[in-house]
Amino acid sequence: MSGIHDFIDNEVKNNDVVLFMKGTPQFPQCGFSGQVVQILDYVGVDYKGINVLADADLRQGIKDYSNWPTIPQLYVKGEFIGGCDIVREMFQSGELKSHLEGQGIAVKGAA
Ligand SMILES: N[C@@H](CCC(=O)N[C@@H](CS)C(=O)NCC(=O)O)C(=O)O
Ligand code: FES
């Protein structure tokens, strides 16, 4: 358990934008994860996708780490942002882009 916690901790602290998801950015294996992939790609931000389906301990571990019951989960600069609903709302309001820019993270897309 602490091994998974440390793995997650390292990933979210060493990558500006991390998406814990089902499947990969190239091949999402759930519509909720796929929606966040589409949004991040549209915004044009670089991110690391981590497939929780590859590891049952990781799938549970990220829920414990974030105290959030579902996948996907988006992290920006080590901070938990939310799941699909929250990311979509932030995207629609423009808050996602402004939050990324406020953190000094490049956004290259039209949004
Ligand atoms: N309303 C959620 C949708 C995500 C969701 O419901 N995920 C479910 C189905 S993919 C989940 O992760 N269930 C626990 C699991 O599969 O481990 C959100 O905003 O992210
Ligand atoms: S895997 Fe069935 S809803 Fe996500």
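Values in this document were obtained by computation on a predicted structure and should not be read as measured data.

What counts as what
- Residues numbered from 1 in each chain as written.
- Chains lettered and ligands numbered in written order.
- Predicted model: local features only at pLDDT ≥ 70, side-chain atom pairs only at ≥ 80, totals over all residues.
- Heavy atoms only, no water.
- Near = heavy atom within 4 Å.
- Polar contact = N/O pair within 3.5 Å; in protein donor to acceptor, adjacent residues only side chain to side chain.
- Areas by Shrake-Rupley, 256 points an atom, 1.4 Å probe, with all protein chains shown as cover.
- Helix = DSSP H or I, 4+ residues; strand = E, 2+ residues; numbered from the N terminus.
- Core = buried A, V, L, I, M, F, W, Y, C linked by side-chain atoms within 4.5 Å.
- Buried < 20%, exposed > 50% of the residue type's maximum accessible area, 1.4 Å probe, protein only.
- Contact = heavy atoms within 4.5 Å.
- Phe/Tyr/Trp six-rings, centres within 6.5 Å; stacked < 30°, edge-to-face > 60°.
- Axes fitted to C-alpha atoms, helices over the stretch in contact; angles between N-to-C directions.
- Parallel < 35°, antiparallel > 145°, perpendicular 65-115°, else oblique.
- Left-handed = near helix turned anticlockwise from the far one by under 90°.
- Nonpolar A, V, L, I, M, F, W, Y, C, P; charged D, E, K, R; others polar.
- Pairing = 2+ DSSP bridges.

Draft legend 1. Fine view of the site of ligand 1. Close to ligand 1 lie Lys22, Cys30, Phe32, Arg59, Lys63, Pro69, Thr70, Ile71, Pro72, Gly83, Cys84 and Asp85. Ile71 places a polar main-chain atom, nitrogen or oxygen, 2.8 Å from an oxygen atom of ligand 1. Backbone polar atom of Cys84 to an oxygen atom of ligand 1: 2.7 Å apart, as the coordinates give it. For ligand 1, the accessible surface in isolation is 500 Å², of which the surrounding protein chains cover 75%. Looking at the shell around ligand 1, the elements with two or more residues in it are α3 (56-66) and α4 (84-93).

Draft legend 2. Structural detail: the nonpolar core. Ranked by size, the top nonpolar core spans 20 residues in total, and within it Val17, Leu19, Leu40, Val45, Leu74, Leu96 and Leu100 carry the most contacts. Elements that contribute at least two residues to this core include exactly β1 (17-21), α2 (31-43), β3 (73-76), α4 and α5 (95-102). Element by element, the count of residues in this core is highest for α2, at five residues. Residues within four places of Leu19 in sequence aside, it is in contact with Val36, Val37, Leu40, Tyr47, Lys48, Gly49, Ile50, Pro72, Gln73 and Leu74. Membership of the second largest hydrophobic core comes to 11 residues, among which are Ile4, Ile8, Leu58 and Ile71.

Draft legend 3. Representation of the packing of aromatic side chains in the model. Considering all chains together, one arrives at five aromatic pairs under this definition. Aromatic side chains Phe20 and Tyr75 sit 6.0 Å apart centroid to centroid with 80° between the ring planes, which places their arrangement in the edge-to-face category. Linking Phe20 in strand β1 with Tyr75 in strand β3, this pair joins segments that are 55 residues apart in sequence. The class of Tyr75 is buried, set by a relative accessible area of 3%. Through pairs of rings, three or more aromatic residues link up here, namely Phe20, Tyr65, Trp68, Tyr75 and Phe80.

Draft legend 4. Broad picture of the packing of α2 against α4. Viewed as axis vectors pointing N to C, α2 and α4 meet at an angle of 30°, and their least axial separation amounts to 9 Å. Looking at the two axes, α2 sits roughly parallel to α4. Considering how the two elements wind past one another, α2 and α4 form a crossing that is left-handed. Packed against α2, whose contacting residues are Phe32, Gln35, Val36, Ile39, Tyr42 and Val43, the element α4 presents Cys84, Val87, Arg88 and Phe91 at the interface. Here the contact of α2 with α4 is built from residues that sort into eight nonpolar, one polar and one charged.

Draft legend 5. Expanded view of the side chain of Ser66. Tracing the sequence through the fold places Ser66 in helix α3. Not counting the four nearest positions on each side in its chain, Ser66 is found in contact with Gln73, Tyr75 and Phe80.

Draft legend 6. Representation of the sheet that holds strand β2 (residues 48-51) in the model. Read from one edge of the open sheet, four strands run β2-β1-β3-β4, paired in mixed fashion. The sheet terminates laterally at β2 and β4 (79-82), the two strands that pair on one side only. Strand-to-strand twist of the sheet, defined as the mean angle between neighbouring strand axes without regard to direction, takes the value 25°. Across four bridges, β1 lies against β3 in antiparallel orientation. Bridge pairing in β3 links Val17 to Val76. Set on the sheet, α5 makes contact with β1, β3 and β4; between it and β3 the angle comes to about 35°.

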